[in-house]
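Inside the fold
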Amino acid sequence: MNKDVNGKTRGTVLDSSPCPPRVSLVIPTLNEAENLACLLPTIGGIVDELVIVDGRSTDGTVEKALELRPDAVIVREQRAGKGYALQAGFAACSGDIIVMMDADGSMAPAEIDTFVSALQAGADVVKGSRFLQGGGSGDLTGVRMLGNAVLTRTVRWTFGGRFSDLCYGYMAFWRDVLPFFDEEVGGFEIETFLNVRALAAGLRVVEVASYEEHRLSGESNLSAIKDGYRVLSTIVRERRRVRRYRASLGLHRPDLHSGSPMPHPVIALREHRSHAGIPATTLTSASGSAVAGVAVAAVVSEGSALRGHAQ
Ligand SMILES: Nc1nc2c(ncn2[C@@H]2O[C@H](COP(=O)(O)OP(=O)(O)OP(=O)(O)O)[C@@H](O)[C@H]2O)c(=O)[nH]1
Ligand SMILES: [Mg+2]
């Protein structure tokens, strides 16, 4: 059983589970001390491990984090960039489930339950969406909204899937899918990279509704044009990678829906999740109605690659 924000145990779809999955939360920080003071106290008991990856902040971010959460694992970023920071954080996690969230107070820790429920219901990767019913944003400018819409459609067009929101950093996945993300990615294109890799690998990807607030304080590190270009470059590069693989199989239609997802050394992916009682075939409906315990969710990709191994 999981714990709620008050630390009390509560029933979930996995009541009979003898050993619930451990949840690690990764937060990248670059001068976010003021925001951490508001954010960290609201993180509930569902999180077993907190990993802060700091980008050489000069405002006492690390000190503030340790003051509020002496149990936090602090990772010092080796290369500048949100992507590098997150990947260093993923490597430091020991939980079965990894959740990633920004430090600026724009994402509500209370939503972690929804992400974890969708993973427990059978998803491999869960993505927050500001455009599903129940989601929204108090932060998106017109330019960012337009850029995100174009990039999201580009991914739908080139990779398939049904993403409604590509460039949003609230995500969660089972730690055992990490080998699919085995390339270093530097900046704000990290979410796109994770999303398209998951699609190309044939993982089960689900979106859940999420509400994004305006950052509480401090400066944005995102540049819509520069980072938009990096996102587009990532889509093109990953698409070429899939094409090369399909060409090597003699498949000339570069259509991801016709089978043969990208291969990977991870074979019996879900077998070692069995301790958590994960039902392998729960996610069956494109409307998301079969995603137990989740209020609003949509299946982005059914995940063809590993179904055989999950039975
Ligand atoms: N460690 C590390 N963290 C970073 C770096 N760049 C950004 N971050 C963190 O990544 C998260 C997202 O960055 P933001 O600047 O909030 O980007 P955004 O959410 O697109 O922009 P806002 O609309 O201003 O919130 C925040 O927690 C940042 O502190 C970096 O180079 N290193
Ligand atoms: Mg932000």
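Data block above holds the structure.
Residues numbered from 1 in each chain as written. Chains lettered and ligands numbered in written order. Predicted model: local features only at pLDDT ≥ 70, side-chain atom pairs only at ≥ 80, totals over all residues.

**A look at the overall build of the protein chain**
Looking only at helices and strands, the protein chain features eight helices and 12 strands. Residue pairs at least 24 apart in sequence account for 78% of intrachain contacts in the protein chain once pairs closer than 6 positions are excluded. (Helix = DSSP H or I, 4+ residues; strand = E, 2+ residues; numbered from the N terminus. Contact = placed C-beta atoms within 7 Å.)

**Here's the deal with the site of ligand 1**
Taken together, 21 residues lie around ligand 1, and G55, A85, A103, S220 and N221 are the ones closest in. Tallied by class, residues from the shell around ligand 1 come to seven nonpolar, six polar and eight charged. (Near = placed C-beta within 6 Å. Nonpolar A, V, L, I, M, F, W, Y, C, P; charged D, E, K, R; others polar.)

**Structural notes on the nonpolar core**
In this structure, V26, V99, V126, A172 and V206 are the most contacted members of the largest nonpolar core, which totals 70 residues. Considering every element that reaches this core, the biggest residue donor is helix α6 (residues 190–200), with seven residues. (Core = buried A, V, L, I, M, F, W, Y, C linked by C-beta atoms within 7 Å. Buried ≥ 20, exposed ≤ 12 C-beta atoms within 10 Å, placed from the backbone.)

**A short note on helix α7 (residues 224–248)**
An ideal rise of 1.5 Å per residue puts 36 Å on 25 residues; α7 measures up with 36 Å between its terminal C-alpha atoms. G228, R230, V231, T234, I235, E238 and V242 are the residues of α7 that are buried. Contacts from the buried residues of α7 go to α5 (142–159) and α6. One or two steps after α7, the chain reaches G250, where phi turns positive at roughly 80°. (Expected span 1.5 Å × (residues − 1).)

**A few points about the sheet that holds strand β3 (residues 23–29)**
Read from one edge of the open sheet, eight strands run β5-β4-β3-β6-β9-β7-β10-β12, paired in mixed fashion. The outermost strands of the open sheet, each flanked by one partner alone, are β5 (73–76) and β12 (297–301). Neighbour-to-neighbour, the strand axes of the sheet open up by a mean angle of 20°, direction not taken into account. Of the pairings in the sheet, the one linking strand β7 (residues 125–129) to strand β9 (residues 171–174) comprises three bridges and is antiparallel in character. Looking at β9, one finds that V126 is bridged to A172. (Pairing = 2+ DSSP bridges. Axes fitted to C-alpha atoms, helices over the stretch in contact; angles between N-to-C directions.)

**Details of the packing of α6 against α7**
Where α6 contacts α7, the axes come no closer than 10 Å and their chain directions differ by 20°. In terms of orientation, α6 and α7 fall into the roughly parallel class. In the crossing of α6 with α7, the sense of the turn from one axis to the other is right-handed. Only V231, T234, I235, E238 and V242 of α7 make contact with α6, whose side of the interface consists of T192, F193, V196, R197 and A200. (Parallel < 35°, antiparallel > 145°, perpendicular 65-115°, else oblique. Left-handed = near helix turned anticlockwise from the far one by under 90°.)

**Quick notes on the pairing of β3**
Buried residues dominate β3, accounting for seven of its seven residues. Of the two faces of β3, the one carrying V23, L25, I27 and T29 and the one carrying S24, V26 and P28 are both buried. Pairing analysis gives four bridges linking β3 to strand β6 (residues 97–100), with the strands arranged parallel. For L25, the partnering residue across the bridge sits in β6 and is V99. Remark: the β3/helix α1 (residues 33–39)/strand β4 (residues 49–54) crossover connection has right-handed handedness. (Right-handed = clockwise from strand over helix to strand, strands pointing away.)

**Let's talk about unusual backbone geometry**
The phi torsion at N31 lies on the positive side, around 55°, for a residue other than glycine. Relative to the helices and strands, N31 resides in the loop between β3 and α1. Positioned with a positive phi, R56 is a non-glycine residue whose angle comes to about 55°. Within the fold, R56 resides in the loop between β4 and α2 (61–68).

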